[in-house]
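# Inside the fold
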Amino acid sequence: MGDQDQALQRWMPRLVFSWRAARSAFHYGLKTLLSRLLYHIYTGLDYYVVGHYFGKQSLGLYKAACDLGLDPAGVLSQIVVTVAFPTFARLSDRPELLAQQFLQFARFNLMIVGGYICLVVVPAPDLLALMNPQWVAASGALRILGLTVVLRALSNVIPPLLDGVGRPALTLMYMAVASVVLPLCFLGGAVFLGDALGYESVAWSWFFGYPVAFAVLLGFGLRHARLSLRVYALAMGRIALWLGLALLCGVAARMATTGLESPLLRAAIVMVGTATVLLLALTFGEGITPSGIVASLKQGPAQKGEPA
């Protein structure tokens, strides 16, 4: 369109402002902000409890366990979580595709994070010894926290779903529940079990307390994905089966390498054996390959026009 044609157009730019749209965006952003604040509060209070009740040395061991278990698992979850929200938002008016994509993301995240946990929980003493021999004592806490990470891998996919369908208030409600339940469990574990279990009582508090918050979040997620608990459990159960098989093979490899003096060699044998079994199980049992996971994350069903 030339300048002359543009001059003949009746449309002229003008300032437009909608209080309704601004108010909706503000409320949405505020709920998301509060959710993130609550998340950082309840996921950090365990350090303060360990430090207060068990001292600096125990806090250092607990931090070492978290650094090898919880923190890398959270980073790995971002592989799926970063693409989950925009995908769920695009599919918010297509319930069948939304449900399928939710299950696919949950399965992928369980595979990625669960696979990592399988690799580190069995050779935990050797891996910690390679970083610092004084940290070997943290292997027990690492293994306990690893059990919780599996549920956290599943839960990380649900807030993007709720936010994507326009229900950030439910994410905030879940964070509020977790912010009450988990700190109470941390304190209760330290006070009532601390004499018997030491700082590992706080790790066990994650194990027993987090399923309560997860149950609330899962209920929200299944309702808005329009899925039954049975369908969800079957979809996740198959992946959990292969993870369990890989974990058992890792335990067998660890037992077979107890006579080796080198922690590096022991850890390498266990991790390679575990990874090999897991990859074979996923490939032949589920038809899933690493390249297929990457392709699905790059191109969801909203882009292809059909279920993934």
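Residues numbered from 1 in each chain as written. Predicted model: local features only at pLDDT ≥ 70, side-chain atom pairs only at ≥ 80, totals over all residues. Heavy atoms only, no water.

### Some points on the overall build of the protein chain
Filter applied, for reference: Put simply, DSSP marks the helices as runs of H or I at least four residues long and the strands as runs of E at least two long, and each gets a number from the N terminus on. Residue contacts are defined here by distance: any two heavy atoms, one from each residue, within 4.5 Å place the two residues in contact. All accessible areas in this document rest on Shrake-Rupley with a 1.4 Å probe, and a residue is counted as covered only by the protein chains that are shown.
A count of helical and extended segments in the protein chain gives 14 helices and zero strands. Secondary structure elements of the protein chain, listed N to C terminal, follow the sequence α-α-α-α-α-α-α-α-α-α-α-α-α-α. Taking the principal axes of the C-alpha coordinates as reference, the protein chain spans close to 85 × 45 × 40 Å. Excluding contacts between residues fewer than 6 apart, the proportion of contacts in the protein chain whose partners are at least 24 apart in sequence is 79%. In the form shown here, the protein chain has an accessible surface area of approximately 16,100 Å², with 66% of it arising from carbon and sulfur atoms.

### Looking at the side chain of Ser35
Of note, Ser35 is situated in helix α2 (residues 19-42). In contact with Ser35, other than residues within four places in its own chain, are Pro168, Thr171, Leu172 and Met175.

### Some words on helix α9 (residues 168-197)
For clarity, the cut-off: In this analysis, the expected span of each helix is defined as 1.5 Å times one less than the number of residues it contains. Consider a residue and the seven residues that end there alongside the seven that start there; fitting an axis to each set, the bend is the angle between those axes.
Counted at 1.5 Å a residue, the expected span for α9 with its 30 residues is 44 Å, but the 38 Å between its end C-alpha atoms falls short. In the structure, α9 departs most strongly from a straight axis at Val191, where the bend amounts to approximately 45°. Gly198 sits one or two positions beyond α9 and adopts a positive phi of about 70°.

### Side note on the nonpolar core
Selection rule: Residue types Ala, Val, Leu, Ile, Met, Phe, Trp, Tyr and Cys, when buried and joined through side-chain atoms within 4.5 Å, form a set referred to as a nonpolar core. Burial here depends on accessible area, computed with a 1.4 Å probe over protein chains only, as a share of the maximum for the residue type. Under 20% is buried, over 50% is exposed, and the range in between is partly exposed.
Within the largest apolar cluster, 83 residues are counted, with the highest numbers of intra-cluster contacts made by Tyr62, Phe102, Leu182 and Tyr232. For this core, the element with the highest residue contribution is helix α5 (residues 95-121), accounting for 17 residues. Residues contacting Tyr232, with those up to four places away along its chain left out, are Phe102, Leu103, Ala106, Leu154, Phe214, Leu218 and Leu222.

### Structural notes on the pattern of salt bridges
Counted only if it meets this: Basic side-chain nitrogens of Lys or Arg form a salt bridge, by our definition, when they fall within 4 Å of a carboxyl oxygen of Asp or Glu.
One pass over the full model with this rule turns up five salt bridges. For Asp126, the salt bridge identified is with Arg254, shortest N-O distance 3.5 Å. Within this pair, whereas Asp126 is found in helix α6 (residues 124-131), its partner Arg254 is found in helix α11 (residues 229-256), the two being separated by 128 residues in sequence. Taking relative accessible area as the criterion, Asp126 reaches 2% and is therefore assigned buried. Across the salt bridge formed by Arg266 and Asp126, the nearest N and O atoms sit 2.7 Å from each other. Placement of Arg266 in helix α12 (residues 263-286) and of Asp126 in helix α6 is noted, with a sequence separation of 140 residues between them. The buried category is assigned to Arg266, whose relative accessible area is 13%. By sharing partners, the salt bridges in this structure join Arg107, Arg238 and Glu286 into a single network.

### A few points about the state of the cysteines
Quick reminder of the rule: Note on disulfides: each one is a pair of cysteine sulfur atoms within 2.5 Å.
Scanning the model with the defined rule gives zero disulfides in all. There is no disulfide at Cys66, and the cysteine sulfur nearest it, in Cys185, is 16 Å away. Its sulfur unpaired, Cys249 is 10 Å from the next cysteine sulfur, which belongs to Cys118. You can call Cys249 partly exposed: its relative accessible area is 29%.

### As for the confidence of the model for the protein chain
Predicted coordinates in regions of low pLDDT should not be interpreted in detail. Basically, it comes down to this: A score from 0 to 100, pLDDT tells how confident the predictor is in each residue.
Per-residue confidence for the protein chain gives a mean pLDDT of 90; residues scoring 70 or more make up 91%. Low pLDDT (under 50) marks residues 302-308, which in the prediction has 15 contacts with non-local residues, meaning those over four places away or in another chain.

### Observations concerning the side chain of Ser155
Checked against the element boundaries, Ser155 lands in helix α7 (residues 139-155). Excluding residues that lie within four positions of it along the chain, Ser155 makes contacts with Tyr174, Tyr210, Phe214 and Leu217.

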